[in-house]
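Observations on the three-dimensional arrangement
One letter stands for each residue in the lines below.
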Amino acid sequence: MSAATPDDILRPHAEHEFAAELAALAAGDDRPRPPQWRLSPQAVVTYLVGGTLADGTVVSPKYIGERRLMEVAVATLATDRALLLLGLPGTAKTWVSEHLAAAISGDSTLLVQGTAGTAEEAVRYGWNYARLLAEGPSTNALVPSPVYRAMERGAIVRIEELTRLPGDVQDALITVLSEKVMPIPELGGEVQARHGFNLIATANDRDRGVNELSSALRRRFNTVILPTPATIDEEVRIVSQRVAALGASLALPPAAAPDGEIRRVVEVFRELRHGRSEDGRIKFKIPSGTMSTAEAISVVVQGMSLAVHLGTGSVRFDDLLHGIEASVVRDPVHDTVVWREYLDSLADR
Amino acid sequence: MTVTAPAPVRAFPTGLAPRVRLLGIRHHGPGSARAILSALSADPPDVLLVEVPAEAERIVALVGHDDMVPPVAMLGHVVGRPDRAVFLPFASFSPEWVAFRWAIEHDVPVRCIDLPLRFSLATGAGDQPQLTDVTGGGRPVDPIADLAAAAGYDDPERWWEDVIEHRSPSGTDAAEVFAALADVMTELRSRTDPELDPADVDERRREACMRIGLREAMATDARRIDVVCGAWHVPALAPVDAPGRARADARALTGLAKAKVALTWVPWTHRRLASATGYGAGVTAPGWYDHLFTHHGPDVIVRWFAQAARILRAADVATSAADVVEATRLAHSLAGLRGRPLAGLAEVGDAARAVLGHGSDQPMRVLSADLVVGRRIGAVPASTPMVPLARDLADEQRRCRLRPEAGVKTLELDLRKPLDLRRSHLLHRLELLGVPWAYEAEGRGTVGTFRETWQLRWEPEVEIRLIESAALGTTVASASAASALQRAESASGLAELTGLLERALLADLPDAVGELVHTVGDRMAVSADHAHLVEALVPLARSLRYGDVRSTDADALRTVVRGIAMRIGAGLVPAAVDLDDDTSEVFARRLRETQSALALVGEADLIALFHRGLTEIVERDRVHGLVQGLAARMLADASELSEADIAGRVSRALSAGTPALEAAAFVEGFLGGAGTVLVHDPVLLGLLDDWLSSLAADSFVAALPLVRRTFGAFEAAERRTIGERVRFGRGGDPGHERIELDPERVAAGLTTMAHLLGVSR
């Protein structure tokens, strides 16, 4: 891990990308900080939802949505309870957890990615077998997991897709969360968490069936559900921001997706997601797909890429409709009817 | 004495003048109520002046009655015009209520000094009972919201809680709060002074009246006077004896129109207190306020969560003691993060969501009814004057010549007579209202007869229900309409809604009908279930055909019926696919219901759509034979299929490629209890005969029960004729050869027929 950030890194960590904002926040922060926190809880909330500081520094909003949710998240971490962020794909769960870790511990790299194949070593510790054979069990032969390191350092560790972790691996977290201790029976010792240690997990709402959280583990979390954006303007803002960012990394000109077209795509997604027209006058059936903001973003980016590389250079709403159809129609019987009815209403309006 | 400073303590220094305290409150604010209580007990007054209409003095004594349980509302109405009424609700935590209770317990006289209702109701516009003022007057702009915005709060309610309610004043602190509040209000009023606003004449009259009341009290020998009024009015009452004031105030009240008014108490509920519509008092969380008022202290939050845990456990939501602790910690931590002195409902809600609900709103939804809004229902003593609803019912009963009797009485109504129609409307309204006086023993039935039979029995519960329903409205008509709409809000299914709509039509409640039609329309748009749609269509079609619907509602109703019928037509084919024996029978019944409902509505395009669906069903694979047979029969009856088409379809259904059971089901559906078609159509009979004869032995045995059932449903005469036709061969017509007609006797019969049909012969 190097402190310097070479310019050619595709995606720098949050604490590097927004180092200036974090420094400004820390400089002007005179409120009490919980032990080991880089910022006071109030300043962390400001970092997330944006604002202008006393010294004139403008903090960009990382989360566009209800301030209330960020306050609950930060207050949770301040009470030493673990935080579980739930939400549909594309509701900025990972994004929020990364920025929380960056603002609180100044380090968002302590990360366990949950998959079906994640082993217990990833949340406890593993062994350097060469050393283990040569020297026998010792701290030198032990390979600490991100959770282990976070406990030692008093930092925030993140677990992505908690519900994808196999049940026994999830269970290994229970002692860590309730006793703040990780026993190491091989060495007859333990790691005790220092102040500032905490855990942020993210999970997908619709994934509940994969490896459902045991109630024992669930009870150790405060849960915040990140909703789909509340207003169309909010959602258009999110989509435009992300489309511009993604477009830049794919070398697509921002003009390829005019604001008007983005708004229309977002409108279609919202109307189908909520089952009613934006003006509230028409009701629709709701398709089985999630119709998330993330999908709206990918529809627009895909449309841009098609238009730039194979088309006229600027997306048209009619072309985007095909992309939207692919998001809508998941169940060929039900969703086709839904989509047809929706298109009819679109033609009528 | 010239008074410029607004603060009451400074306004009336000790001396010869009596000590007057102006205790500004926020209506329904528990913090205000506590402050009032501590101010009153710290320095008891000789007389207590309260900002409620002057006539209320007559019924204030009832507040001290043992059977009086808040929440209750003071109800004032114009005598003879129960629709012109006003409700003033009070909860246990309402400062006025606390002041009343204190005064009665301490034997201190109470004066009600607000503008008398005989003036305010005389000119009151509209038929809707009006909402009383919420935070100190019916101003166009909310002063509290301005204050809160100035302090950087987006929610005025929260600002008030932080700055005023959570101060927990006691003794001298309370006085400081009242003084500070008066300062703030003076500052606010200097910007939007109602005295300068010609539009706010009502407000000026009220304040003039309050000043007159205060001056009257000061003229007595009372040395210590306390005034409990909305904080907004404090600056207007401070300069009470400024020169020329008395004359100006008297002028403001001369020449006002008067009305004869009556006042009473009615039971209220927390739910109604919280409801944003109707005559709610604009309190969003009476249950929460009640808790704050009752359990004020350091453990108020943990107590709330402990209570919440108990309710959640009763609702089968696992909630441990550790959860209670964690939720309390999070609520406090959030309050700290947000810079609030004490966790409020917002923090408590957020904590409940994150800890108890694991992110979902479910626990708060469960708790909302019990703890946030509260289930509390008030009660009033038996000696309370009669509510207008009961009076209106008594009037109606007189007009309908229906006397309340304790024994069971059967009433036959002929709806063609105006009196009976009026009675029917009244009884249907009471039924919608849930007043258990009459039960409909026999309705108008499916074909809309003009007869209804009712069983009547008057029991004490009727009166209780009337008092309970008093909050819904002041006349039977308005209350039953409100009740219908309230039920529609919580209706679970489309059929329940259309049932309500039908009853509202029977009860002659045009306003409710209009609203219900819209609700049905909305609900219909999202209902995809074929069964529910058919269930909903039938009563609506009936209402449209036979109901007494005003022309405007008829159009709306027709639109809804059309919408439902369209959806049924469009969803017909998917709903018909892949049904088993039992469900296909149900579906066949629904097809018949739809057909007769559509016939009642009589719109060609709807019928055409229905027929298109049927045509597709007839041709579609994976549709049960019974359904296909019935569809074919319906199309044949409507002449949508030519005879040749029918023969071809039946032939296909009965050909060797179709399993015998399916073919038999088709026959059952097609013949559907009426064999006449076989008597008159030799081709069909031939096809059927060929099919039966061609069946292999085991197929025949399998199909036999179904065929037997089909033919068993025919009339005996039909069976006999069919049997004869089969025996004599399909080409021949045995009847021709055997029946000899006597022309004279036939002629006599034909003459009668011609007469009946109105054709000349």
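All of these numbers come straight from a predicted model, not from anything done at the bench.

Turning to the side chain of A:His99, a few remarks are in order. Residues and elements named next belong to chain A. Mapped onto the secondary structure, histidine 99 falls in helix H5 (residues 93-105). The class of histidine 99 is buried, set by a relative accessible area of 2%. Residue contacts for histidine 99: discarding those within four places in its chain leaves Ala14, Phe18, Tyr47, Leu48 and Lys62.

Here the focus is the environment of B:Met185. Inspection of the secondary structure assignment puts B:Met185 in helix H8 (residues 172-191). Distance from B:Met185 to B:Trp232, taken between C-alpha atoms, is 5.9 Å for residues 47 residues apart in sequence.

Quick look at the nonpolar core now. A:Val44, A:Leu100, B:Trp304, B:Phe305 and B:Leu427 are the most contacted members of the largest nonpolar core, which has 101 residues in total. Each residue touching B:Leu427, except ones within four places of it in the same chain, is listed here: B:Leu402, B:Leu411, B:Leu413, B:Trp437, B:Ala438, B:Trp454 and B:Leu456.

Let us now look at the packing of helix H11 (residues 259-274) of chain A against helix H12 (residues 293-310) of chain A. All names here are of chain A. It is the contact of H11 with H12, at a shortest axis distance of 10 Å, that shows an interaxial angle of 145°. Taken as a pair, H11 and H12 cross one another with a handedness that is right-handed. Contacts from Ile262, Val265, Phe269 and Arg273 in H11 reach Thr293, Glu295, Ala296, Val299 and Val300 in H12. Class assignment of the residues belonging to the contact of H11 with H12 gives a composition of six nonpolar, one polar and two charged.

Residue and element names in this part refer to chain B. Position of glutamate 715 relative to the elements: it lies in the loop between helix H33 (697-712) and helix H34 (716-727). Judged by its relative accessible area of 54%, glutamate 715 is exposed. Sequence spacing of glutamate 715 and alanine 674 is 41 residues, and the spatial spacing of their C-alpha atoms is 7.6 Å.

This brings us to unusual backbone geometry. Between B:Pro70 and the following residue, B:Pro71, the backbone shows a cis peptide bond with an omega angle of 5°. Of note in this structure, A:Gln36 is not a glycine but carries a positive phi near 75°. Mapping A:Gln36 onto the fold places it in the loop between helix H2 (19-27) and helix H3 (41-49). When its relative accessible area of 37% is taken as the criterion, A:Gln36 is described as partly exposed. Here B:Asp107, not a glycine, exhibits a phi torsion of approximately 60°, which is positive. Within the fold, B:Asp107 resides in the loop between helix H4 (95-105) and strand E5 (110-114).

For the rest of this paragraph, the subject is the packing of helix H14 (residues 300-314) of chain B against helix H15 (residues 321-337) of chain B. All names here are of chain B. It is the contact of H14 with H15, at a shortest axis distance of 9 Å, that shows an interaxial angle of 140°. Taken together, the axes of H14 and H15 lie oblique to each other. Classified by chirality, the crossing of H15 by H14 is right-handed. Of the residues in H15, those touching H14 at Ile301, Val302, Phe305, Ala306, Ala309 and Arg313 are Ala321, Val324, Ala327, Thr328, Ala331 and His332. Considered class by class, the residues forming the contact of H14 with H15 number nine nonpolar, two polar and one charged.

Our next topic: the environment of A:Leu250. Mapped onto the elements of the fold, A:Leu250 is located in the loop between helix H10 (232-249) and H11. The spatial distance from the C-alpha of A:Leu250 to the C-alpha of A:Val301 is 9.4 Å, given a sequence separation of 51 residues.

With that out of the way, let us pick up the sheet that holds strand E4 (residues 111-113) of chain A. All names here are of chain A. Within the open sheet, the five strands sit side by side as E4-E7-E10-E3-E11. Their pairing is parallel. Taken across any chain shown, the strands that pair with only one partner, and hence form the sheet edges, are E4 and strand E11 (221-226). Each strand axis lies, on average, 20° off the axis of its neighbour in the sheet, ignoring direction. Sheet topology note: the strand E3 (residues 82-87)/E11 ladder contains six bridges and is parallel. When the bridges of E11 are listed, alanine 82 appears paired with phenylalanine 221. Those strands touched by helix H4 (residues 67-78) are E3, strand E7 (156-160), strand E10 (198-204) and E11, and its axis lies near 160° from that of E11.

Let us look at the interface of chain B and chain A. Chain B puts 22 residues into the contact, and the matching count from chain A is 24 residues. For the pair chain B and chain A, the summed buried surface comes to about 1,900 Å²; carbon and sulfur atoms form 57% of the total. Our count for the contact surface shared by chain B and chain A stands at three salt bridges. Between B:Glu326 and A:Arg81 there is a salt bridge, and its shortest N-O distance comes to 3.6 Å. Applying the counting rule to chain B against chain A returns five residue pairs in polar contact (both at pLDDT 80 or more).

A few words on the sheet that holds strand E10 (residues 451-456) of chain B. Residue and element names in this part refer to chain B. With antiparallel pairing, the three strands of this open sheet are ordered in space as E8-E10-E9. Both outer strands of the open sheet, strand E8 (409-414) and strand E9 (438-442), are each paired with one neighbouring strand and no more. In this sheet, adjacent strand axes meet at a mean angle of 30° when their direction is disregarded. Here E9 runs beside E10; their pairing, made up of four bridges, is antiparallel. Within the sheet, the bridge partner assigned to tyrosine 439 lies in E10 and is glutamine 455. Set on the sheet, helix H19 (residues 418-433) makes contact with E8, E9 and E10; between it and E8 the angle comes to about 125°.

Here is what the cut-offs are and how they apply
- Residues numbered from 1 in each chain as written.
- Chains lettered and ligands numbered in written order.
- Predicted model: local features only at pLDDT ≥ 70, side-chain atom pairs only at ≥ 80, totals over all residues.
- Heavy atoms only, no water.
- Helix = DSSP H or I, 4+ residues; strand = E, 2+ residues; numbered from the N terminus.
- Buried < 20%, exposed > 50% of the residue type's maximum accessible area, 1.4 Å probe, protein only.
- Contact = heavy atoms within 4.5 Å.
- Core = buried A, V, L, I, M, F, W, Y, C linked by side-chain atoms within 4.5 Å.
- Axes fitted to C-alpha atoms, helices over the stretch in contact; angles between N-to-C directions.
- Left-handed = near helix turned anticlockwise from the far one by under 90°.
- Nonpolar A, V, L, I, M, F, W, Y, C, P; charged D, E, K, R; others polar.
- Parallel < 35°, antiparallel > 145°, perpendicular 65-115°, else oblique.
- Pairing = 2+ DSSP bridges.
- Buried area = accessible area lost by both parts, 1.4 Å probe.
- Salt bridge = Lys/Arg side-chain N within 4 Å of Asp/Glu carboxyl O.
- Polar contact = N/O pair within 3.5 Å; in protein donor to acceptor, adjacent residues only side chain to side chain.

Bear in mind that shape data such as this cannot, by itself, settle questions of function.
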